[in-house]
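Below are the chains, spelled out letter by letter.
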Amino acid sequence: MRSRSQNQRRRRIVQTAAALALRGGVEAMQMRTVAERAGVALGTLYRYFPSKMDLVVAVVTEELDLLESSIERRPPAAPTAAGRAVDVLMRATRGLMREPELADALVRSLIMAEVKTELGQRITDLLWRVAGDGGRDGDAGEPDRDAPAYVLAGSLASVWIFELLEVLKGHRDVEQVHERLTVTAERLLPGLSEE
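Residues numbered from 1 in each chain as written. Predicted model: local features only at pLDDT ≥ 70, side-chain atom pairs only at ≥ 80, totals over all residues. Heavy atoms only, no water.

Points about the overall build of the protein chain
Argument step 1. When its secondary structure is counted, the protein chain shows ten helices and zero strands.
Argument step 2. Each helix and strand of the protein chain, placed in order from N terminus to C terminus, yields the pattern α-α-α-α-α-α-α-α-α-α.
Argument step 3. Classification of the 195 residues of the protein chain by burial places 45% in the buried group.
Argument step 4. Considering only intrachain contacts with a sequence separation of at least 6, the fraction spanning at least 24 residues in the protein chain is 68%. (Helix = DSSP H or I, 4+ residues; strand = E, 2+ residues; numbered from the N terminus. Buried < 20%, exposed > 50% of the residue type's maximum accessible area, 1.4 Å probe, protein only. Contact = heavy atoms within 4.5 Å.)

Here is the structure:
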């Protein structure tokens with residue numbers, strides 16, 4: 001368990017890395033530069049984040065925290081499970097596309113498993129919550145990760161990761177991703193909220 005000062009230090013490191021990435025992409029997130037700007041020793045930085053990819057995942061995780069907060073404040077209003085799920089995925093897509101290099105690093109980490117990350121599961125959990133009744137009354141409880149509804153939400157999250165990769169490669173634009181996710185969600189999630 002971390003002390004309050006350790007949590008503050010970690011947060012300062014992540015915010016510094018995010019600010020560098022916004023100005024110069026992932027390349028600007030050099031470990032030495034992050035340490036200097038965050039006011040910590042390089043060894044301290046490596047204690048918190050053993051690799052640059054760990055730091056990238058931390059930055060993207062913070063973005064996901066912001067997405068979840070945004071969804072709590074302004075839940076998807078679509079009447080169908082598919083519509084609510086697509087709303088969440090498109091918010092995530094637009095957020096990530098503001099910094100394509102971070103999005104690229106995230107997709108790489110999810111596909112190549114360069115670092116241990118729970119981002120895929122967090123996205124699936126979020127989709128499960130908003131696509132089911134919990135997305136409307138705010139009390140979805142803990143998901144049964146073996147249940148068909150959860151597996152289908154996970155499949156949609158996997159499709160989203162692939163579509164995000166296609167955007168990053170320049171093969172699709174965000175509007176095409178929206179169309180493809182809509183078709184996929186309508187096939188995977190009909191009646192999910194009734195389960």
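Now that the structure is up, let's keep going.
So, the packing of aromatic side chains
Argument step 1. Applying the stated rule across the entire model yields one aromatic pair.
Argument step 2. Their ring planes at 35° and their centres at 6.5 Å tell us that Tyr-48 and Phe-49 sit as a pair that is tilted. When sorted by exposure, Tyr-48 lands in the same class as Phe-49, which is buried. (Phe/Tyr/Trp six-rings, centres within 6.5 Å; stacked < 30°, edge-to-face > 60°.)

With respect to the confidence of the model for the protein chain
Argument step 1. Counting all residues, the mean pLDDT for the protein chain is 84, and 87% of those residues have values of 70 or more.
Argument step 2. Considering only residues more than four positions removed or in separate chains, one finds that residues 134–139, a stretch of pLDDT under 50, has nine contacts. (pLDDT = per-residue confidence, 0-100.)

Quick notes on the pattern of salt bridges
Argument step 1. Counted according to the given criterion, the structure contains nine salt bridges.
Argument step 2. A salt bridge links Glu-68 to Arg-122; its shortest N-O distance comes to 2.7 Å. On the criterion of sequence distance, the pair formed by Glu-68 in helix H4 (residues 52–73) and Arg-122 in helix H7 (residues 119–131) is long-range, its members being 54 residues apart. You'll find Glu-68 and Arg-122 in the same group, each marked buried.
Argument step 3. As a salt-bridge pair, Lys-169 and Glu-166 come within 3.2 Å of each other at their nearest N and O atoms.
Argument step 4. Take Lys-169: its relative accessible area is 46%, and that puts it in the partly exposed class.
Argument step 5. Put simply, Asp-65, Glu-68, Arg-122 and Arg-129 are held in one network by salt bridges that share partners. (Salt bridge = Lys/Arg side-chain N within 4 Å of Asp/Glu carboxyl O.)

Brief notes about the side chain of Glu-166
Argument step 1. The residue Glu-166 is located in helix H9 (residues 148–168) in this model.
Argument step 2. You can call Glu-166 buried: its relative accessible area is 8%.
Argument step 3. Among residues more than four places away in sequence, those in contact with Glu-166 are His-171 and Arg-172.

Observations concerning helix H10 (residues 174–188)
Argument step 1. Taking 1.5 Å per residue as the helical rise, H10 with its 15 residues ought to reach 21 Å, and the 21 Å between its terminal C-alpha atoms agrees with that figure.
Argument step 2. Along H10, the residues classified as buried are Val-177, Leu-181 and Ala-185. Down the axis of H10, the buried set is contained in an arc of 60°. They therefore lie on one face.
Argument step 3. Where H10 is buried, its residues contact helix H5 (81–97) and H9.
Argument step 4. The N-capping residue of H10, defined by a side-chain oxygen 3.1 Å from the backbone nitrogen of Glu-175, is Asp-173. (Expected span 1.5 Å × (residues − 1). Arc of directions from axis to C-beta. Polar contact = N/O pair within 3.5 Å; in protein donor to acceptor, adjacent residues only side chain to side chain.)

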